[in-house]
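# Residue-level structural notes
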Amino acid sequence: MRILHTMLRVGDFQRSINFYTKVMGMRLLRTVERPDQGYSLAYLGYGDESETAVLELTYNNGVSSYELGEAYGHIAIGVEDAYAQCDAIIQSGGKVVRPAGPVKGGSTVIAFVEDPDGYKIELIQLGT
């Protein structure tokens with residue numbers, strides 16, 4: 001068994017695809033249009049779906065925002081250099097909500113980014 005994908009509902013399909021490809025550096029792997037059912041899907045990731053878990057963005061026609069809820073936490077992405085990644089995200093128009101630095105009580109370097117719908121993304125510097 002393995003995790004295949006994580007699904008997020010988004011309020012603006014193209015805006016979210018642009019964020020995850022241009023700001024977070026993912027590749028758009030495929031899209032699925034379901035006009036009769038009223039939704040569109042985009043699958044994005046850093047590798048092929050056959051080998052790695054990916055992100056599924058779901059846009060429901062006519063729904064521009066969602067209540068994120070209290071149970072959702074964040075997506076975590078491993079990066080080589082959290083400081084440089086934060087700089088690149090800011091330069092690409094992304095929003096860093098917790099700058100890179102050691103986690104409280106430890107030495108692991110983390111940062112948090114927020115996507116256009118308010119979902120949190122934790123960057124974890126690998127090897128720290």
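Values in this document were obtained by computation on a predicted structure and should not be read as measured data. (Residues numbered from 1 in each chain as written. Predicted model: local features only at pLDDT ≥ 70, side-chain atom pairs only at ≥ 80, totals over all residues. Heavy atoms only, no water.)

This brings us to the packing of aromatic side chains. Here the structure, examined in full by the defined rule, presents three aromatic pairs. Plain terms: the ring middles of Phe-13 and Tyr-59 are 6.3 Å apart, the flat faces sit at 35° to each other, and that makes the pair tilted. On the criterion of sequence distance, the pair formed by Phe-13 in helix α1 (residues 13–23) and Tyr-59 in strand β4 (residues 54–60) is long-range, its members being 46 residues apart. Residue class for Phe-13 comes out buried when judged on its relative accessible area of 13%. Plain terms: the ring middles of Tyr-72 and Tyr-119 are 5.3 Å apart, the flat faces sit at 75° to each other, and that makes the pair edge-to-face. With Tyr-72 in the loop between β4 and β5 (75–79) and Tyr-119 in the loop between β7 (109–114) and β8 (120–125), this pair connects stretches of sequence that are 47 residues apart. Over the ring of Tyr-43 we find Arg-30, and its NZ or CZ is 3.9 Å from the ring centre. (Phe/Tyr/Trp six-rings, centres within 6.5 Å; stacked < 30°, edge-to-face > 60°. Helix = DSSP H or I, 4+ residues; strand = E, 2+ residues; numbered from the N terminus. Buried < 20%, exposed > 50% of the residue type's maximum accessible area, 1.4 Å probe, protein only. Lys NZ or Arg CZ within 6 Å of the ring centre and 35° of its normal.)

With that settled, consider the nonpolar core. Of all hydrophobic cores here, the largest spans 27 residues; its most connected members are Tyr-20, Met-24, Leu-57, Ile-77, Ile-121 and Leu-123. Those elements that place two or more of their residues in this core are α1, β3 (39–45), β4, β5, α2 (82–91), β7 and β8. Ranked by residue count, the leading element in this core is α1, at five residues. Ignoring sequence-local partners within four residues, the contact set of Leu-57 consists of Leu-8, Val-10, Phe-13, Ser-16, Ile-17, Tyr-20, Ser-40, Leu-41, Ala-42 and Leu-44. (Core = buried A, V, L, I, M, F, W, Y, C linked by side-chain atoms within 4.5 Å. Contact = heavy atoms within 4.5 Å.)

Pairing of strand β6 (residues 95–102) with β7 involves five bridges; the strand directions are antiparallel. Within the sheet, the bridge partner assigned to Gly-101 lies in β7 and is Ile-110. In textbook terms, the turn of a hairpin is the stretch between consecutive antiparallel strands, and for β6 and β7 this stretch comprises six residues, one of which, Gly-105, has a positive phi near 80°. (Pairing = 2+ DSSP bridges.)

Let us now look at the sheet that holds strand β1 (residues 5–9). In space, the four strands of this open sheet follow the order β1-β4-β3-β2, with mixed pairing throughout. Each edge of the open sheet carries a strand with a single partner, namely β1 and β2 (27–34). On average, adjacent strands in this sheet sit at an angle of 20° to one another, irrespective of strand direction. Summarising the sheet, β3 and β4 pair through six bridges and their orientation is antiparallel. (Axes fitted to C-alpha atoms, helices over the stretch in contact; angles between N-to-C directions.)

As a further point, take the sheet that holds β6. Within the open sheet, the four strands sit side by side as β5-β8-β7-β6. Their pairing is mixed. Each edge of the open sheet is held by one strand with a lone partner, namely β5 and β6. Going across the sheet, the axis of each strand differs from the next one's by a mean of 20°, ignoring polarity. Pairing of β7 with β8, which is carried by five bridges, proceeds in the antiparallel orientation. Bridge pairing in β8 places Val-113 opposite Ile-121. Packed onto the sheet, α2 meets β5, β6, β7 and β8 and runs at close to 165° relative to β6.

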